[in-house]
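# Summary of the model geometry
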Amino acid sequence: MMILIIGGSGSGKSSYGEDMISFLSKGRDIKKYYLATMEILDKEGRKKVERHRRLRREKGFFTIEQSRDIHKALNKMDPGEKAVLLECISNLVANEIFSEKNPKSEKQIEEKIIREIKIIKERITDFVVVSNNIFEDGIVYNEETMQYIYTMGRMNQELAAIADQVVEVVVGIPLVVKQQVNF
């Protein structure tokens, strides 16, 4: 099962994603992974990552740092049932768009990430993907930033299409946007 969780900055989406993975894996012999996509660029970033690792470990997560090529994280996971929280799509897209390595078009970036998401989805038990809703401020930014915003919009739409459930978190309150219905 794949669940997409979206929300604005500080909305509580990440905490909700962690709670969702814990709920889905409760009472089962399943390993919980936190697939972190933030690129560590400086000492401050390293401190933030170490703090997050500590907090996640207390919740039973094994953290895998994978800022690109997220499907490769599967090779770092133990065999058996797995629950994976991918945090977050906005970092992953930014890592690809703003990378000096192998520049790609927005379309190529979208296709690459969706392909990798589908690979992970097929190989694990429960998959929770966190993404930012960055479209509501109404501000027009420079061309490079607008490229990123439009790419994120298309990514969220594509992820919502392949997800079994979509939840938007607003001020800490989860609102189900899409629910898989079995007839």
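These numbers come from a predicted model, not from an experiment. All residue numbers here refer to positions counted from 1 along the written sequence of the relevant chain. Confidence filtering applies because this is a predicted model: local features only for residues at pLDDT of at least 70, side-chain atom pairs given and counted only at 80 or more, and all residues used for totals across whole chains, interfaces and linings. Calculated side-chain values reflect all of the structure's heavy atoms, with hydrogen atoms and water omitted.

## Remarks on the pattern of salt bridges
When a carboxyl oxygen of Asp or Glu lies within 4 Å of a side-chain nitrogen of Lys or Arg, that pair is called a salt bridge. Summed over all chains, the structure comprises 12 salt bridges. Here Lys 31 and Asp 78 are joined by a salt bridge, their closest N and O atoms 3.0 Å apart. Taken together, the residues Lys 31 in strand S2 (residues 31-36) and Asp 78 in the loop between strand S3 (61-65) and strand S4 (82-87) connect sequence positions 47 residues apart. Owing to a relative accessible area of 35%, Lys 31 belongs among the partly exposed residues under this scheme. Two residues, Arg 46 and Glu 50, come together in a salt bridge whose shortest N-O distance is 3.1 Å. Here Arg 46 pairs with Glu 50, and both are found in helix H2 (residues 43-58), just four residues apart, close to one helical turn. Residue classification places Arg 46 among the partly exposed residues on the basis of a relative accessible area of 37%. Per the convention used, a helix needs a DSSP run of H or I reaching at least four residues, while a strand needs a run of E reaching at least two, with both numbered from the N terminus. Buried means the residue's accessible area, taken with a 1.4 Å probe over protein chains only, is under 20% of the maximum for its type, while exposed means over 50%, and partly exposed covers the values in between.

## Overview of helix H1 (residues 13-25)
Helix span, as expected, comes to 1.5 Å for every residue beyond the first. The first and last C-alpha atoms of H1 sit 18 Å apart over 13 residues, in line with the 18 Å expected at 1.5 Å per residue. Listing the buried residues of H1 in full gives Lys 13, Tyr 16, Gly 17, Glu 18, Met 20, Ile 21, Leu 24 and Ser 25. Positive backbone phi, approximately 75 degrees, marks Gly 27, located one or two places after H1.

## With respect to the nonpolar core
Take the buried Ala, Val, Leu, Ile, Met, Phe, Trp, Tyr and Cys residues and link them wherever side-chain atoms come within 4.5 Å; each set so joined is a nonpolar core. Judged by nonpolar contacts, the single largest core of 34 residues is most densely connected at Ile 89, Ile 117, Phe 127 and Leu 159. Those elements that provide at least two residues to this core are strand S1 (2-7), S2, S4, helix H3 (89-97), helix H4 (106-123), strand S5 (126-132) and helix H5 (143-162). With seven residues, H5 is the single largest residue contributor to this core. By definition, residues are in contact when any of their heavy atoms lie within 4.5 Å. Contact partners of Leu 159, with chain neighbours within four places excluded, come to Met 2, Leu 4, Ile 89, Ile 114, Ile 117 and Val 129. Core analysis: the second largest hydrophobic core is formed by 17 residues, Ile 5, Tyr 16, Met 20 and Ala 83 among them.

## Re the pairing of S1
One face of the sheet, then the other: side chains in a regular strand alternate in exactly this way. Within S1, six of the six residues are buried, which leaves it mostly tucked inside the rest of the structure. Because side chains alternate across S1, one face comprises the buried residues Met 2, Leu 4 and Ile 6, and the other comprises Ile 3, Ile 5 and Gly 7, equally buried. At least two DSSP bridges between two strands are needed for those strands to be called paired. Taken together, the six bridges between S1 and S5 define a ladder with parallel strand orientation. Considered in S5, the bridge of Leu 4 is made with Val 129. As judged from the five bridges shared by S1 and strand S6 (residues 165-170), these two strands associate in the parallel manner. Note that in S6 the partner of Ile 3 across the bridge is Gln 165.

## A look at the sheet that holds strand S7 (residues 173-179)
Ordered by their spatial adjacency, seven strands build an open sheet running S3-S2-S4-S5-S1-S6-S7, and the pairing between neighbours is mixed. Where the open sheet ends on each side, the last strands, each with one partner, are S3 and S7. Ignoring which end each strand starts from, the neighbouring axes of this sheet average 20 degrees apart. Taken together, the five bridges between S4 and S5 define a ladder with parallel strand orientation. For helices, the axis comes from a line fit to the C-alpha atoms of the stretch in contact; other axes are also lines fit to C-alpha atoms, and the angle between any two N-to-C directions lies between 0 and 180 degrees.

## Section: the environment of Leu 55
If you trace the backbone, Leu 55 turns up in helix H2. Remark: the alpha-carbon pair of Leu 55 and Thr 145, spanning 90 residues in sequence, is separated by 31 Å.

## Some thoughts on the layout of surface pockets
Roughly 400 Å³ of internal volume is contained in the largest pocket. Using a 1 Å grid laid over the protein atoms alone, points where a 1.4 Å probe fits but cannot get out form a cavity; open sets with protein on both sides within 12 Å along at least 5 of 7 lines form a pocket; any residue with an atom within 4 Å of a point counts as lining. Taken together, 19 residues make up the lining of the largest pocket; nearest its centre are Tyr 34, Lys 48, His 52, Arg 56 and Glu 87. Going through the elements one at a time, H1, S2, H2 and H3 are the ones with two or more residues in the lining of the largest pocket. Looking at the lining of the largest pocket element by element, the count peaks at six residues for H2. Grid points are joined across faces, edges and corners, and a volume is the space filled by probe spheres set on the points.

## Here we look at H3
Summarising burial for H3: eight of the nine residues are buried, a large majority. Listing the buried residues of H3 in full gives Ile 89, Ser 90, Leu 92, Val 93, Ala 94, Asn 95, Glu 96 and Ile 97.

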